[in-house]
Amino acid sequence: MIKKIGRFTFTVITVATVSILSCANGLYKSNTDTTDSLSDKYKDLFHLGAAINEDIIMGRDSQSKNIVTSEFNSITPENSLKWMYLQPFPNKFNFGAADKYVELGKKNNMHIVGHALVWHNQLADFMKTTVSPDEFTNHVENHINTVVSRYKGEIHAWDVVNEAFNEDGSLRPSVFKKQMGDNYIEDVFKLAETADPDADLIYNDYNLYKPAKLAGVLKMVKRLQANGTKINAIGAQAHWRLNSPSLDEIEQIILHISELGVEVMFTELDITVLPNPWELVGAEVTQNFSKFEGDPKMDPYPKGLPKSVEKQLAKRYEDIFKLFVKHQDKISRVTFWGVMDKHSWLNDWPINGRTNYPLLFDRNYQPKKAYNKLINLIGN
Ligand code: 9MR
C-alpha cells in the first residue's frame, strides 16, 4: 500500500535532498525505485499515451520528455504530422520533426500513433485553393502514399480521418467532401491500407457522447465494414469537463462502438476546470470569445488551483478511469492531450491566455492528485 501511494512520497522520504531540489527547480524525477509508472500499471489493460509537442520531439523540453518516456508507452504528435507541416507546398515534404518523432518512439519502444492524415484544419493552403477535383484527389493520394509508406512498420496506428461529422451526424461539408464526394472517407481508408496493410486505421472525432453525432459515425463504420474496407478503431477525443459528459454518456460511447467489433480509443483526453463561455452566450460554436480575454471571471485560478477543485479534478479522473478499467476488454488506448498543464492547448482555447489545469502533471512537472488516483486504482 505504502508502495502504491508512495511513488513520489517514497522519493521524498528516501532521497529528501534531491527531491527538495527537484521541486524547487521544477524537475521531474524519473522513477528510481521499484514502483511502477503509470503505463506499467495499465500495461495489461490498454496503452497509455500522451500527445507530444514539437519542443519535446526536438529535444528542447527534456523534462516533459522524461515524463513521457517514463510514464507513457504510446505517443501521438500534437501538431508535427499535420498536413500543413508535412506538405506545405505541392509535393514538398518536410519530414524533419516527423522523423525525430518516430525515432523517439522507436528508441523507447513505444506504440507510435500518426495524427492526422485527412483533416480540414491545419491543412496546407494549396489544398484550399486547388480547384480541380482530380488534382485535389491526386494530392490526397500522394500525401497518404508518401507519408504512410515512409513510416511503414514504424507508425503503428493512423488517425486516417479526423472530425468529418457535424453534431447532427451528417457529413461535414469540408473541402474533402466537396472535392472527393460523399465516399471520401472510405476512399482514404483504402489508400492508407494499401500504403501500410499492417497499420491500425482509426476514425477520430470529438463530442461522440452526443447520440446523433455518434450515430453518424457508427453508420459510416458499418458502411465501410459492409464494403470490406478496413477500419480498426474509433477514437473518441475526450476533451471533457468536470461535470460533463456524464459517466453514463461515456459508457454509451464504449458500448456502441465496441458493438461494431472495432476497438475503442480515447485519443485526446483532458479535463478543463475553467468556466465555459458557451454557458454565458449560448451554444454557437463559431463565437469569437476575444471579448473575454483578461476577464478574471473567466480565468479564476491564475495563481494556482484551489485544493477543492484539485480534488474534484482528481475524483473526475478516477471515476473516468474506473469506467475504462471496467471496459478494458473494449478499450485499446487512452491518450492524454499533452503532458503538463502549462503547455496544454486549453490555456488558449476557447479564450486566449487563461491558466488551465487539465492534465496529470503540474506547471513544475510534478504529478498531481489525479496522477496518484490513477496509479492507486490498479493493484500490484
Ligand atoms: O493541440 C493542438 C493545438 O496545438 C493546435 O493549435 C490546434 C489547431 O487546431 O490543434 C490542437 O489539437 C487538436 C487535434 O489535432 C484534433 N482534435 C482537437 C485538438 C484540440 O484542438
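Residues numbered from 1 in each chain as written. Predicted model: local features only at pLDDT ≥ 70, side-chain atom pairs only at ≥ 80, totals over all residues. Heavy atoms only, no water.

### Some details on the side chain of Asn204
Its place among the elements puts Asn204 in strand β5 (residues 200-205). What Asn204 contacts, discounting residues up to four positions off in sequence, is His115, Asp159, Val161, Asn162, Glu163, Gly235, Ala236, Gln237, Thr267 and Glu268. (Helix = DSSP H or I, 4+ residues; strand = E, 2+ residues; numbered from the N terminus. Contact = heavy atoms within 4.5 Å.)

### Things to note about the environment of Glu78
Examined against the element boundaries, Glu78 turns out to sit in the loop between β2 (74-77) and α6 (83-86). For Glu78, a relative accessible area of 10% gives the class buried. Spatially, the C-alpha atoms of Glu78 and Trp345 are 9.6 Å apart, while their sequence positions differ by 267 residues. In this view, Glu78 contacts Ala51, Ile52, Asn53, His115, Trp337 and Trp345; residues no more than four positions away in its chain are not counted. (Buried < 20%, exposed > 50% of the residue type's maximum accessible area, 1.4 Å probe, protein only.)

### Notes on unusual backbone geometry
Following Ser244, the chain continues into Pro245 via a peptide bond in cis, with omega recorded as -5°. Locating Pro245 in the fold gives a position in the loop between β7 (239-241) and α13 (247-259). Cis rather than trans, the peptide bond between Trp349 and Pro350 has omega equal to 0°. Positive phi outside glycine occurs at Gln122, with the angle close to 50°. A positive phi angle, close to 70°, is found at Ala238, a residue other than glycine. Among the secondary structure elements, Ala238 is positioned in the loop between β6 (233-236) and β7.

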